[in-house]
Amino acid sequence: MIYLVEDDANIRELVVYTLNSTGYESRGFGTPSEFWKAMDEQLPQLVLLDIMLPEESGLSILEKIRKDRKTKKLPVIMLTAKGSEIDKVRGFELGADDYIPKPFGMMELVARVKALLRRTGENEDEVLTEYEIGDLYVSPKKHKVKVAGERVSLTRKEFEMLCCLLENKNIVLTRDQLLNKIWGYSFDGESRTVDVHIRTLRRKLGDAGKIIKTVRGIGYMISDEPD
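Residues numbered from 1 in each chain as written. Predicted model: local features only at pLDDT ≥ 70, side-chain atom pairs only at ≥ 80, totals over all residues. Heavy atoms only, no water.

*Asks:* Before we move on, can you summarise the nonpolar core with the specific residues and values?
*Replies:* In this structure, Leu 136, Val 138, Val 145, Leu 162, Leu 165 and Leu 205 are the most contacted members of the largest nonpolar core, which totals 29 residues. Secondary structure elements with two or more residues in this core: strand S6 (131-133), strand S7 (136-139), strand S8 (144-147), helix H6 (156-167), helix H7 (175-183), helix H8 (191-205) and strand S12 (219-222). Counting residues per element, this core draws most heavily on H6, at 7 residues. Not counting residues up to four positions away in its chain, the partners in contact with Leu 205 are Leu 136, Val 145, Val 147, Val 152, Leu 162 and Ile 212. In this structure, Ala 38, Ile 65, Leu 94 and Ala 96 belong to the second largest nonpolar core, which totals 24 residues. (Core = buried A, V, L, I, M, F, W, Y, C linked by side-chain atoms within 4.5 Å. Buried < 20%, exposed > 50% of the residue type's maximum accessible area, 1.4 Å probe, protein only. Helix = DSSP H or I, 4+ residues; strand = E, 2+ residues; numbered from the N terminus. Contact = heavy atoms within 4.5 Å.)

Below, the structure is given as structure tokens:
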């Protein structure tokens, strides 16, 4: 089941129709109160969430989803007409898994939904190693990150990006490769998604974030060697 929270009836009906016609059972809600009532009855596999809503904003809803133990890992894609970078960054910091600006094509939306469900449906019991580089400690299996012994809280996508870079230490990954590995898709013009995550990841890691190197014109890599 996929839930859509969107106050524009035309968009809501089109998205629900498209998802249902492509094999995804979905429900649309015009207000947050309707959405929360449905959440009490049944938890979905994924939530499509607009930012500008009556009653409360989509960012407020996202924050509540991430704070609730039952829904903190629920996949969320933000849908919004807002184009300012601060809204996008705020959404990612609160734990959004993806972000699609309006207007968007229905086939692109379906591709994003498929990619996110594929990622979140993978076997979480896979045996993974641990990483230690300088003051940075990362345990993919325990979903734990520490810097100088202090726990660091990352969003799911920030954590996945950090692990991906660690798995490919000293190898430059292009923005396109990171999009494919972390989000499972590649669309023109979406490389800023990677840049935003790298920037917030470096900030949260503090001095340990210096191991994430920018390779101008190509992408990013993790290296503990001095510049």
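What follows continues from the structure just given.
*Asks:* So what's going on with the sheet that holds S8? Residues and values would help.
*Replies:* Spatially, 4 strands are ordered S6-S7-S8-S9 in an open sheet, and the strand pairing comes out antiparallel. Each edge of the open sheet carries a strand with a single partner, namely S6 and strand S9 (150-151). Two strands pair when backbone bridges link them, and S8 and S9 are joined in this way by 2 bridges, in the antiparallel orientation. Looking at the pairing, Lys 146 lines up with Arg 151 of S9. H6 rests against S6, S7 and S8 of the sheet, and its axis sits at about 105 degrees to S7. (Pairing = 2+ DSSP bridges. Axes fitted to C-alpha atoms, helices over the stretch in contact; angles between N-to-C directions.)

*Asks:* Describe the packing of helix H1 (residues 9-21) against helix H5 (residues 106-120), and please don't skip the residues or the numbers.
*Replies:* Relative orientation of the contacting elements H1 and H5 amounts to 60 degrees, with a least axis distance of 10 Å. By the angle between their axes, H1 is oblique relative to H5. Regarding H1 and H5, the two cross each other, and that crossing is right-handed. Counting all contacts with H1, which are made through Leu 14, Val 15, Thr 18 and Leu 19, the residues of H5 involved are Met 106, Met 107, Leu 109, Val 110 and Val 113. Its residues assigned to classes, the contact of H1 with H5 shows 8 nonpolar, 1 polar and no charged. (Parallel < 35°, antiparallel > 145°, perpendicular 65-115°, else oblique. Left-handed = near helix turned anticlockwise from the far one by under 90°. Nonpolar A, V, L, I, M, F, W, Y, C, P; charged D, E, K, R; others polar.)

*Asks:* Break down the sheet that holds strand S10 (residues 173-174) for me, with residues and values.
*Replies:* Strand order in the open sheet formed by 3 strands is S10-S12-S11, with antiparallel pairing between adjacent strands. Of all the strands in the sheet, just S10 and strand S11 (212-215) have a single pairing partner and so form its edges. With 2 bridges joining them, S10 and S12 adopt antiparallel strand pairing. Counterpart to Leu 173 in the pairing with S12 is Tyr 220. Each of S10, S11 and S12 touches H6; the most contacted strand, S12, lies at about 70 degrees to it.

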